[in-house]
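Here's the letter readout for the chains.
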Amino acid sequence: MPGQSSTRDRMVDAAFALFDEQGYDATTVDAIVERAGVSRSTFFRAFGSKEDVIFPHHPDLRARIEARLAAGSAETRVVAVREAAGLVLEQYLSEGDVALARYRLTRTVPALRGREIASMLGYQQLFREALLHWLDGPDAELRAELLAAGIVTGHNVILRRWLRGQTDDPRGELSHALDLVMESRGLATAAPHGALGTTVVVVESNRSGAEVADVVRRALEG
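Residues numbered from 1 in each chain as written. Predicted model: local features only at pLDDT ≥ 70, side-chain atom pairs only at ≥ 80, totals over all residues. Heavy atoms only, no water.

Participant: Is there a simple way to think about the nonpolar core in this case?
Facilitator: Across soluble globular proteins, nonpolar side chains have a tendency to be buried as a group. Among the nonpolar cores identified, the biggest contains 37 residues, and Ile 65, Leu 69, Val 81, Phe 127, Leu 131, Trp 134 and Ile 151 are the most heavily contacted of them. Where this core is concerned, the elements lending two or more residues are helix H5 (58–70), helix H6 (77–95), helix H7 (97–108), helix H8 (110–134), helix H9 (140–163) and helix H10 (170–184). At ten residues, H9 tops the list of elements feeding residues into this core. Once residues lying within four places of it in the same chain are set aside, the contact partners of Phe 127 are Leu 69, Val 81, Ala 84, Ala 85, Ala 148, Ile 151 and Val 152. Met 11, Phe 16, Phe 19 and Leu 112 belong to the second largest nonpolar core, which has 23 residues in total. (Core = buried A, V, L, I, M, F, W, Y, C linked by side-chain atoms within 4.5 Å. Buried < 20%, exposed > 50% of the residue type's maximum accessible area, 1.4 Å probe, protein only. Helix = DSSP H or I, 4+ residues; strand = E, 2+ residues; numbered from the N terminus. Contact = heavy atoms within 4.5 Å.)

Encoded structure:
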C-alpha cells in the first residue's frame, strides 16, 4: 500500500541520515523512530532489527531473482542469467545515495560486512541451483558452482566500480563481465539438456515458403 511504502521509506531515510550524522553504533532504534515520526511497533513490523534497515529491499529482491531464474529453461538460460543479475544492479542504481551510504557503512562496520557477504552467498546459491537444472554431464555440479561464483563476482566488481565513481556505464560493463564469465565456462555454447547440436539446412532459393518450411521440418525431425 502507498502509505506503508512511504512510511517504510521514511524510516530508511531517517536511519541513514542518523548513521551519517552520528555513526551506526551510536544510532538507536528509538532515535530512528523519533526522526521518522513513527512508533517502535511500526518500525519492528517493517524491520526485524536496526541492521535490517541497511538492506531494506533484500527479501523482495531475492524473491524477484528466484522468480526470474525459475522462469528460465535450458534453452533460455543465458537470458535468464543476464536478467536475474541485472535485477541486483538495477536495485542499487535505483537507490542512488542510499546505495552509496550502505557501501560506506559496510566498509567500516564488521557486522554489516558480514550481512552483505551472507546476502551475496544467498544470491550465489540461487544461481547455482538454477544452473544445476540447466546443465548436463558429469561435471554439471562443478560447472554450476563455478558459474554461479563467477556471475556474482562479476556483478560485484562492476557494482563496486560504480559505487566508487569509476564507471558511467555499469550496465554495459555488467553485460561484458557476464559475457566473459559465460564464455569462459561454456554456458552460452554448450548444448542444453537433450540438445542435438546445430542443424544447418540448405534450401534452393526458388522454393516457396511452404516448401522451405517442409524441408526444415523434415531436417529437424530426421
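Having seen it, we continue.
Participant: Help me out: how do you make sense of the environment of Met 120 in this one?
Facilitator: Secondary-structure assignment places Met 120 in helix H8. Taking relative accessible area as the criterion, Met 120 reaches 27% and is therefore assigned partly exposed. In this structure, the C-alpha to C-alpha distance between Met 120 and Val 152, residues 32 residues apart in sequence, is 7.2 Å. Those residues in contact with Met 120, other than ones at most four positions away along the chain, are Val 152 and Asn 156.

Participant: Hey, could you run me through the packing of H8 against H9 in this one?
Facilitator: Each pair of packed helices can be described by the angle between their axes along with the distance between the axes. Following both chains from N to C, one finds H8 and H9 inclined at 140°, their axes separated by 8 Å at the closest point. Relative to H9, the element H8 is oriented oblique. Considering the relative orientation of H8 and H9, their crossing is right-handed. Mapping the contact onto sequence places Met 120, Tyr 123, Gln 124, Phe 127, Arg 128, Leu 131 and Leu 132 in H8 and Ala 140, Glu 141, Ala 144, Glu 145, Leu 147, Ala 148, Ala 149, Ile 151, Val 152 and Asn 156 in H9. Taken together, the residues of the contact of H8 with H9 sort by class into twelve nonpolar, two polar and three charged. (Axes fitted to C-alpha atoms, helices over the stretch in contact; angles between N-to-C directions. Parallel < 35°, antiparallel > 145°, perpendicular 65-115°, else oblique. Left-handed = near helix turned anticlockwise from the far one by under 90°. Nonpolar A, V, L, I, M, F, W, Y, C, P; charged D, E, K, R; others polar.)

Participant: Help me understand the packing of H6 against H10, please; the structure alone is not making it clear to me.
Facilitator: The contact between H6 and H10 brings their axes to 11 Å, and the two run at 145°. For the pair H6 and H10, the sense of crossing is right-handed. Of the residues in H10, those touching H6 at Val 78, Val 81, Arg 82, Ala 85, Gly 86, Leu 89, Glu 90 and Leu 93 are Pro 170, Arg 171, Leu 174, Ser 175, Leu 178, Asp 179 and Met 182. By residue class, the composition of the contact of H6 with H10 is nine nonpolar, two polar and four charged.

Participant: Hey, could you run me through the pattern of salt bridges in this one?
Facilitator: As a working rule, side chains carrying opposite charge can pair if their charged atoms are close by. The final tally for this structure, using the stated rule, is 13 salt bridges. For Glu 95, the salt bridge goes to Arg 102, with nearest N and O atoms at 2.8 Å. Note on accessibility: Glu 95 and Arg 102 belong to one class, buried. Across the pair Arg 113 and Glu 116 runs a salt bridge whose closest N-O atoms are separated by 2.5 Å. With Arg 113 and Glu 116 both in helix H8 and three residues apart, this pair spans about one turn of that helix. When salt bridges with common partners are traced through the structure, they connect Glu 51, Asp 52 and Arg 115 into a single cluster. (Salt bridge = Lys/Arg side-chain N within 4 Å of Asp/Glu carboxyl O.)

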